[in-house]
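Topology and contacts: notes
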Amino acid sequence: MNPTMPRVDLRSDTVTRPTDAMRHAIANAPVGDDVYGDDPTVNALQERAAALFGKEAALFVPSGTMANQIAIRTHTQPGDEIVVESSAHIFLYEGGGFAALSGVSARCVPGEGGLLNAQKVREAIRPPDPTSHYPQTRLVCLENTANRAGGVVYDLDRTAAIAAVAKEHGLALHLDGARVFNAAVAMKASLADVAEPFDSISCCLSKGLGCPVGSLLVGSRAFINRAHRFRKMFGGGMRQAGLLAAAGIHALEHHIERLADDHARAKHMAAQVGAMSGASVQLDTVQTNMAYIDVSPSGHTAAEVCQGLAERGVLANAVSTSHLRIVTHIDVDDADVGVALAAFAELVG
Ligand SMILES: Cc1ncc(COP(=O)(O)O)c(C=O)c1O
């Protein structure tokens, strides 16, 4: 790519760079040794996150993957089974961590359009087993927004119905909320309402919220106390982590409501590209900051179209032969959308 060319990076919302205001917050953060519990900025972030989600406590961790894996380890024992949707990040993209770190098996359930429902969860739960043949179902994990389903949202009713089934069977319910902020903004719901049915929630500061590093695990005080031990075991204890936590506090204060702009830009781009003769988009799945675009009508593979986009300064990810994904975020403005649409028009218009 020509270095003077504009660069519009639509590969993921993980590619964001801290704003000047965020860098200022980082530079001025009071810090201490968080392994001793001495970092005031980490403590403040954890308290703020717990309050936002309406839970008792939160734990700052380096990544969303670690937050999910600590949650699974805290809820389960080796030999247990977890229920997940077949394309869930926990199942597909965390290196088999659930098996390696927690010794559990995963019952994968294909969702309807990538979303689980109460009936599917009920059918996936192992029956009472006096013969001790079966693994014991212990945990149900949902993902909101559901990434591979297109960034679609579990609404409050669907989640409540699944939570009722989990409760009836004595199972814990965990939310992979890497993009729970997008979900809440899309539903115009509070984070506390979204979190209410869950025993634990992971959320990422380093995606739509634009932080360089960091995720949080949120739950009851007893759960987080146990999770703290597994964070240590998994190597996630950090020292003067207040530098990172300061970015998180800044993002929770300033970067949640603006996610609506990302959603509007994703919808606009999806509608425009979907109307081009060489592409199609299932617009009802474009609910937050992503769009999956089928470029097969153009006669090109998604990899070829991504290559053509890159030559025009626009980065997107091919996710299959036919589909590519675009993701909007804080570093994509209206001018960038114009650049991207012009590039798409040349390639699939
Ligand atoms: C749905 C979902 N969960 C978890 C993660 C893991 O986050 P991290 O990259 O911080 O480990 C991701 C990352 O993209 C994700 O999309």
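This is a predicted model, so every value here is computed, not measured.

Looking now at the sheet that holds strand β9 (residues 280–281). The strand order across the open sheet built from four strands is β9-β10-β13-β12, with neighbouring strands paired in antiparallel fashion. Each of the sheet's edge strands pairs with one partner strand only, and the pair in question is β9 and β12 (317–318).

It is worth spelling out the site of the ligand at this point. Taken together, 13 residues form the shell around the ligand, and within it Gly64, Thr65, Asp176, Arg179 and Lys207 come nearest. A distance of 2.8 Å is found between an oxygen atom of the ligand and a side-chain nitrogen or oxygen belonging to Lys207. Compared with its free state, where it exposes 390 Å², the ligand has 83% of that area covered by protein. In terms of residue count, the dominant contributor to the shell around the ligand is helix α3 (residues 64–75) (three residues). Residues belonging to the shell around the ligand are distributed by class as follows: two nonpolar, six polar and five charged.

Right, let's get into unusual backbone geometry. Looking along the chain, the bond that leaves Asn144 and enters Thr145 is cis, with omega of 5 degrees. Mapped onto the secondary structure, Thr145 falls in the loop between β5 (136–143) and α7 (156–168). The phi angle at Lys188 is positive, at roughly 55 degrees, despite the residue not being glycine. Of note, Lys188 is situated in the loop between α8 (180–187) and α9 (191–195).

Turning to the packing of helix α12 (residues 259–274) against helix α14 (residues 334–348), a few remarks are in order. At a closest axis distance of 11 Å, the pairing of α12 and α14 adopts a crossing angle of 20 degrees. One way to sum up the angle between α12 and α14 is to call them roughly parallel. In this structure, α12 crosses over α14, and the sense of that crossing is right-handed. Along its contact with α12, which presents Arg265, His268, Met269, Gln272 and Val273, the element α14 presents Asp334, Val337, Ala340, Leu341 and Phe344.

A separate point is the sheet that holds strand β2 (residues 57–61). Strands sit in the order β2-β8-β7-β6-β5-β3-β4 across an open sheet of seven strands; the sheet is mixed. The open sheet is flanked by β2 and β4 (105–109), the only strands paired with a single partner. Each strand of the sheet is rotated relative to its neighbour by a mean of 20 degrees, with strand direction disregarded. Of the strand pairs in this sheet, strand β7 (residues 200–204) and strand β8 (residues 215–219) are connected by five bridges, and their pairing is antiparallel. Paired with Cys204 across the bridge in β8 is Ser215. Sheet contacts for helix α10 (residues 221–233): β2, β7 and β8; angle to β2, the most-contacted strand, approximately 20 degrees.

Analysis parameters
- Residues numbered from 1 in each chain as written.
- Predicted model: local features only at pLDDT ≥ 70, side-chain atom pairs only at ≥ 80, totals over all residues.
- Heavy atoms only, no water.
- Pairing = 2+ DSSP bridges.
- Helix = DSSP H or I, 4+ residues; strand = E, 2+ residues; numbered from the N terminus.
- Near = heavy atom within 4 Å.
- Polar contact = N/O pair within 3.5 Å; in protein donor to acceptor, adjacent residues only side chain to side chain.
- Areas by Shrake-Rupley, 256 points an atom, 1.4 Å probe, with all protein chains shown as cover.
- Nonpolar A, V, L, I, M, F, W, Y, C, P; charged D, E, K, R; others polar.
- Axes fitted to C-alpha atoms, helices over the stretch in contact; angles between N-to-C directions.
- Parallel < 35°, antiparallel > 145°, perpendicular 65-115°, else oblique.
- Left-handed = near helix turned anticlockwise from the far one by under 90°.
- Contact = heavy atoms within 4.5 Å.

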